[in-house]
Amino acid sequence: MQIANTSSYTKVQYLQRQAASLLLYQSVLQGEVGMAFLELLQAIRYTDSDARGCLEAYGRYFHALAAKNQNWEDYLITQLLFSKNPFTKLAQLREFKDLPPALVAAVQHDLQILQSLYECSSASLSEWTQGVAHTPISPVVWYKEQEFVGVDPKFATYLQELDNWGDAVEELAAYYRQCGSGLFAEYRALRWQAGQFIGIRYSDQVKLSALVGYESQKDALLKNTEFLLSGEMALHVLLYGSRGSGKSSLVKSLLNEYSNRNLRLLEVTKSDLKDLPEIVEHLRGVSQKFIIFVDDLSFEEDDDAFKALKVVLEGNLTARPQNVVVYATSNRRHLIREFFVDRPTPKDNEEIHAWDTMQEKLSFSDRFGLTLTFEPADQKTYLKIVQHLAAQAEINITQQDLEFQALQWATRHNGRSGRTARQFIDFLKADLRLFNSEHNTSKTSD
């Protein structure tokens, strides 16, 4: 049964045709919210006599917006700016004047369509649903204060205030050239998993200011990262040293230090290193700068991952992209495990150039342009880290008592290291809070 209100029916039919006419930006409507929007339009246009399907479709639309915690208008603009399609990809590689005219015309066409969908507010959908279902009141309209997540609010506001979105093609191309598109625009941290990029919504928030000690190593890593961000040829880096010395935390802190300069951190596990050449090709020509982060690196003999990483570190006929660098951490100076049986002896049927093979293994770490060594923390360094973290956590106990407890903790647990210091401070902070809470409760009851 068609909806009774001919005017509303005509508007819904027009919006459905518009949505079906998208040439490049279909992805904007392929998420949960977009699909719920299209299903609701269909339910409003054609519904059973009891209108149950329409009410259920409106409920799914409301739920999808609430789960995203965005208004329909904010969601649509955000998806537009995150969209990955031939235009967004080419706009990052070429000047606007060099883009194919047909591609520009298609974007103008799609922007005008998206503007018409943008102007279909949730309030209108609620009213149309009421008309179909003949309910005494219209369904609740989802609304929250305007918020653009992960995109430039200035450009989003500019688009909102524009009379004709089709006029924004050149500015949109400039936006993609600066901010990128797709997952790389939406997420600061990602991982490579099962042959695809996966966005990490809640990345480690460790700050560079929280890391104490190893100042020369920190300065060298920051300088190399500045090279990457400036478009210079940065070096691949191996951070080698004792466990708990803060190697991984230092790499992760770079994301929080430089994410506003288009830095992205891509985590690749050892089991996925075989895909490294493919990963690097995906990142070529993208606006952002990428640190490929490999934690706790080591190899077995004849490991395919070793061969793949060697290709990326040493290069092949394909030129290395300047926006990609590998930062790896390891507790082993020699990354490939070597056994005494590997050492060459003058026996029959042995490899003639066995020493060359062994040296190939031992020298693999030299293929990193920069190796930073993290020695175990001595007592002075350990206590310095503890004092720094205690000050940041606003722990109010005497220095003598703090140092005494910190040394006891190190003796009973994992020895002196930055990780041990962090664990001690986290425990002490929670313990003091619990004590103060119980003390205040006791005073109140008295």
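The structure presented is a predicted model; accordingly, all values stated were derived computationally and were not measured.

About the thresholds
Residues numbered from 1 in each chain as written. Predicted model: local features only at pLDDT ≥ 70, side-chain atom pairs only at ≥ 80, totals over all residues. Heavy atoms only, no water. Pairing = 2+ DSSP bridges. Helix = DSSP H or I, 4+ residues; strand = E, 2+ residues; numbered from the N terminus. Axes fitted to C-alpha atoms, helices over the stretch in contact; angles between N-to-C directions. Parallel < 35°, antiparallel > 145°, perpendicular 65-115°, else oblique. Left-handed = near helix turned anticlockwise from the far one by under 90°. Contact = heavy atoms within 4.5 Å. Nonpolar A, V, L, I, M, F, W, Y, C, P; charged D, E, K, R; others polar. Salt bridge = Lys/Arg side-chain N within 4 Å of Asp/Glu carboxyl O. Buried < 20%, exposed > 50% of the residue type's maximum accessible area, 1.4 Å probe, protein only.

Caption draft 1: Focus on the sheet that holds strand β1 (residues 189-193). Reading across from one edge, β2-β1-β4-β5-β6-β3-β7 is the order of the 7 strands in this open sheet, with mixed pairing throughout. The strands lining the two open edges of the sheet, one partner per strand, are β2 (196-200) and β7 (370-374). Averaged over all adjacent pairs, the angle separating strand axes in this sheet is 25 degrees, with direction ignored. With 3 bridges joining them, β1 and strand β4 (residues 263-267) adopt parallel strand pairing. Of the residues in β4, the one forming a bridge with R191 is E267.

Caption draft 2: Focus on the packing of helix α3 (residues 52-68) against helix α7 (residues 122-133). Packing of α3 against α7 leaves a shortest axis separation of 10 Å and a crossing angle of 160 degrees. Relative to α7, α3 is oriented roughly antiparallel. Here α3 and α7 pass one another in a crossing that is left-handed. Packed against α3, whose contacting residues are C54, L55, Y58, Y61 and L65, the element α7 presents S122, L125, S126, T129, V132 and A133 at the interface. Of the residues assigned to the contact of α3 with α7, the class counts are 8 nonpolar, 3 polar and no charged.

Caption draft 3: Region of the structure containing the pattern of salt bridges. Applying the stated criterion across every chain, the model contains 11 salt bridges. R52 is the salt-bridge partner of E56, the closest N and O atoms lying 3.1 Å from each other. Taken as a pair, E56 and R52 lie in helix α3 at a separation of 4 residues, close to a single helical turn. For K274, the salt bridge identified is with D272, shortest N-O distance 4.0 Å. Classification of K274 as partly exposed rests on a relative accessible area of 49%. Judged by relative accessible area, D272 falls into the buried class, the value being 13%.

Caption draft 4: Seen up close, the environment of A185. Following the sequence through the fold, A185 ends up in helix α10 (residues 183-186). C-alpha separation for the pair A185 and Q288, spaced 103 residues apart in sequence, amounts to 8.3 Å. When sequence neighbours within four positions are dropped, the list of residues in contact with A185 reads F82, G150, C179, G180, R264 and Q288.

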